[in-house]
Amino acid sequence: MNEQPPHDPSRRGVLRTTAAAAGAGLGINALGVPSAGAAAGAAAPAAASPVVTAAAPRRLGATMAGVPFTGRSTVRVGIVGYGNRGAGMIGHFLSLPGVRVNAVCDPVRDKVERAAAAVVAAGQPAPAVYANGENDYENLCARTDLDLVYVATPWESHFQIARAAMLNGKHVGVECPVAMRLDELWALVDLSEQTRRHCMQLENCCYGRNEMRVLRMAHAGKFGRLLHGAGAYNHDLRGLMFSPTYYEGPWRRRWHTQLKGDLYPNHGFGPVATYMDVNRGDRAVSISSFGTPALSLAEYREEHMPPGDPSWKETYIGSDRTISLIQTAQGRVIRLEHDVSTPHPYSRINSLGGTRGVFEDYPARIYLEPDHKDDQWADFAAYAGEFDHWLWKDHGNPPGAHGGMDYIMVFRLMQCMRLGLPPDFDVYDAATWTAPVPLSHASIKAQGAPQEIPDFTRGEWRKARSGVDSVKPA
């Protein structure tokens, strides 16, 4: 079944009204972003990133909160981007019944041919191939035999591709972060509401086994009244960012020449936001961010890169470590950290505290009253039997990387699309979880001054609704 928008807005009309709405809310004349035909690899001009606004643009379509997919027997998927992430994810789509990969796209022809070969090897018909330059994703999005476009490309292209997908009547799932600018986030919200298509941040960490167990325990009241949480992306990426082969070009490292703040908040923010029902009874209202000097990438370059390497032309301004404090409407505090530039064992922190106790990850440990009374950390695994999410009980040893959370995420999204359920998270979550990218940069430039986080839901956050803590379908 190929869904069509109920009002079938023209591409030109939606772009015009979305631009006007974004301009009205942000004090700019238009979206202030590259056009859909701009090169996907072009770097977003951070200096022009508009961040100072709290007012919501006028709603041009009904809310997408709680809106179900139209059920279908087969979900038809188009994949844009076959780098490290896309290559690691395609197998999950291909492993599920009722899912077909009908089209693949990457400007590097060798990569897209390998993607097509993987589809055929899985027993599916050969997909359509799009490898004619940086903008061929537009032709993929225009196909009539796709229900979902999956985006795994460099960050600066996420907005353009997601926009093209929705304008062509497709739902879209985007790897982190969903966009890099505040006006882009508002534009995606507007487009999702106008086109009646979901735009989802594919935040795999929300589907981690520990994260889902903590979520169910929080909702069961085991932590009492929630007070604080913390999340992070502390991951030493220096070797990968300077590798000549790991990334397709230096796009990720170059973001450290443009923004001072938290470039990758989603893995830390997403799970804590689900614990606290952000956008489902609470909301994030402000962020204050602080950053260290930017020293480590230059030191690593000095020690490892030969004279004449193109990286020597770069000047790094991105803080080696950023620390952000987010306040919610209910007065809770969320701490976010980002550090990919210094020596540090991998950690997402993943902590939650309330009036009856606290959980901390890396390593996982817990202390709850009245279960524990000796001021000693207890075994988190003791809560698995009662509080593991049904997805982890049904898929106890899921395949793939990141401990199986990638598979769980894809399985659940495909399940929701096939059964006609609302997605576990939506465009409002995508915008909220990504907002720290531009806002942390603005706060650091303003010496930690709080920046207001917009209410992307336009008031819908006050209504309780389902999320990742879902009920198993019959």
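Bear in mind the structure is a predicted one, so any value in this text is a computation, not a measurement.

Chemist: Hey, could you run me through the layout of surface pockets in this one?
Modeler: With a probe scaled to a water molecule rolled over the atoms, the places where space remains empty come into view. Size it by volume and the largest pocket reaches roughly 1,100 Å³. If you trace the largest pocket, you find 49 residues lining it, with N84, R85, A152, Y247 and W251 closest to the centre. Top element by residues in the lining of the largest pocket is helix α2 (residues 84–95). It accounts for 5 residues. Residues of the lining of the largest pocket, tallied by class, amount to 23 nonpolar, 15 polar and 11 charged.

Chemist: What is the right way to look at the pairing of strand β4 (residues 148–151) in this model?
Modeler: Residues in a regular strand point their side chains to alternate faces of the sheet. Burial along β4 is two-sided: the residues L148 and Y150 and V149 and V151 are all buried. As paired strands, strand β1 (residues 75–80) and β4 are joined by 4 bridges and run parallel to one another. The partner of V80 across the bridge, within β4, is V151. Relative to strand β5 (residues 171–174), β4 is paired through 4 bridges, and the arrangement is parallel. Residue pairing in the sheet places V149 in a bridge with V172 of β5. Crossover connection from β4 via helix α5 (residues 158–167) to parallel β5: handedness right-handed.

Chemist: I keep staring at the sheet that holds strand β8 (residues 284–291) and nothing clicks. Help me out?
Modeler: Reading across from one edge, β13-β12-β11-β7-β10-β9-β8-β14 is the order of the 8 strands in this open sheet, with mixed pairing throughout. Each edge of the open sheet carries a strand with a single partner, namely β13 (365–368) and β14 (451–452). Looking at chain direction, β8 and β14 are connected through 2 bridges and run antiparallel. Residue pairing for β14: S286 is matched across the bridge by E452. In the packing of helix α10 (residues 266–275) onto the sheet, the strands contacted are β7 (226–234), β8, β9 (322–328), β10 (333–339) and β11 (351–354), and the crossing angle to β7 comes to about 160°. Packed onto the sheet, helix α16 (residues 436–445) meets β8, β9, β10 and β14 and runs at close to 55° relative to β8.

Chemist: Explanation requested: unusual backbone geometry in the structure shown.
Modeler: A negative phi angle characterises most non-glycine residues, just as the trans form characterises most peptide bonds. Looking along the chain, the bond that leaves C176 and enters P177 is cis, with omega of -15°. Looking along the chain, the bond that leaves Y362 and enters P363 is cis, with omega of 0°. Mapped onto the secondary structure, P363 falls in the loop between β12 (357–360) and β13. Even without a glycine there, the phi angle at N350 is positive, about 50°. Among the secondary structure elements, N350 is positioned in the loop between β10 and β11. Assessed through its relative accessible area of 2%, N350 is described here as buried. Its identity is not glycine, yet Q447 carries a phi of approximately 55°, on the positive side. Among the secondary structure elements, Q447 is positioned in the loop between α16 and β14.

Reading the values: the criteria
Residues numbered from 1 in each chain as written. Predicted model: local features only at pLDDT ≥ 70, side-chain atom pairs only at ≥ 80, totals over all residues. Heavy atoms only, no water. 1 Å grid on protein atoms, 1.4 Å probe; cavity = no way out; pocket = protein on both sides within 12 Å on 5 of 7 lines; lining within 4 Å. Points joined across faces, edges and corners; volume = space filled by probe spheres on them. Helix = DSSP H or I, 4+ residues; strand = E, 2+ residues; numbered from the N terminus. Nonpolar A, V, L, I, M, F, W, Y, C, P; charged D, E, K, R; others polar. Buried < 20%, exposed > 50% of the residue type's maximum accessible area, 1.4 Å probe, protein only. Pairing = 2+ DSSP bridges. Right-handed = clockwise from strand over helix to strand, strands pointing away. Contact = heavy atoms within 4.5 Å. Axes fitted to C-alpha atoms, helices over the stretch in contact; angles between N-to-C directions.

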